[in-house]
Amino acid sequence: MQFIFDSVKIHNVNVSPKNGADKVNYLLVWVRTNLIKERPEMFMKGDSVRPGVLVLVNDCDWEHSGQLDTNLEEKDLVVFISTLHGG
């Protein structure tokens, strides 16, 4: 997945949500617009991440915290991990 982010493994970003958009869905749109350099379809499908991309918010699987509706606060750590490997 690193190649779609221009071979940068870690991004420290400061995202300022507007109009109460303090959820993971806003972050995904921001990432697609500002960080993905090529082939966004490898990371996202529709408005969410593709199957096979694990999303952790503060080391917790986002499936346990509301997925796209997971609230984000200042200094939260969001990690995207690809669980798919080429063969």
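Residues numbered from 1 in each chain as written. Predicted model: local features only at pLDDT ≥ 70, side-chain atom pairs only at ≥ 80, totals over all residues. Heavy atoms only, no water.

Caption draft 1: Focus on the overall build of the protein chain. Scanning the protein chain from N- to C-terminus turns up 1 helix and 5 strands. When the helices and strands of the protein chain are read in sequence order from the N terminus, they spell out α-β-β-β-β-β. About 6,200 Å² of surface is accessible on the protein chain, with carbon and sulfur atoms providing 48% of the total. (Helix = DSSP H or I, 4+ residues; strand = E, 2+ residues; numbered from the N terminus. Areas by Shrake-Rupley, 256 points an atom, 1.4 Å probe, with all protein chains shown as cover.)

Caption draft 2: Structural context of the environment of Leu28. Along the chain, Leu28 falls in helix 1 (residues 24-34). Other than its neighbours up to four places away in sequence, Leu28 contacts Phe43, Met44, Asp47, Ser48, Val49, Trp62, Leu68 and Phe80. (Contact = heavy atoms within 4.5 Å.)

Caption draft 3: Geometry of the side chain of Ser48. Inspection of the secondary structure puts Ser48 in strand 2 (residues 48-49). Residue Ser48 is classed as buried on the basis of its relative accessible area of 19%. Look past the residues within four positions of Ser48 in its chain and what remains in contact with it is Leu28, Phe43, Trp62 and Leu68. (Buried < 20%, exposed > 50% of the residue type's maximum accessible area, 1.4 Å probe, protein only.)

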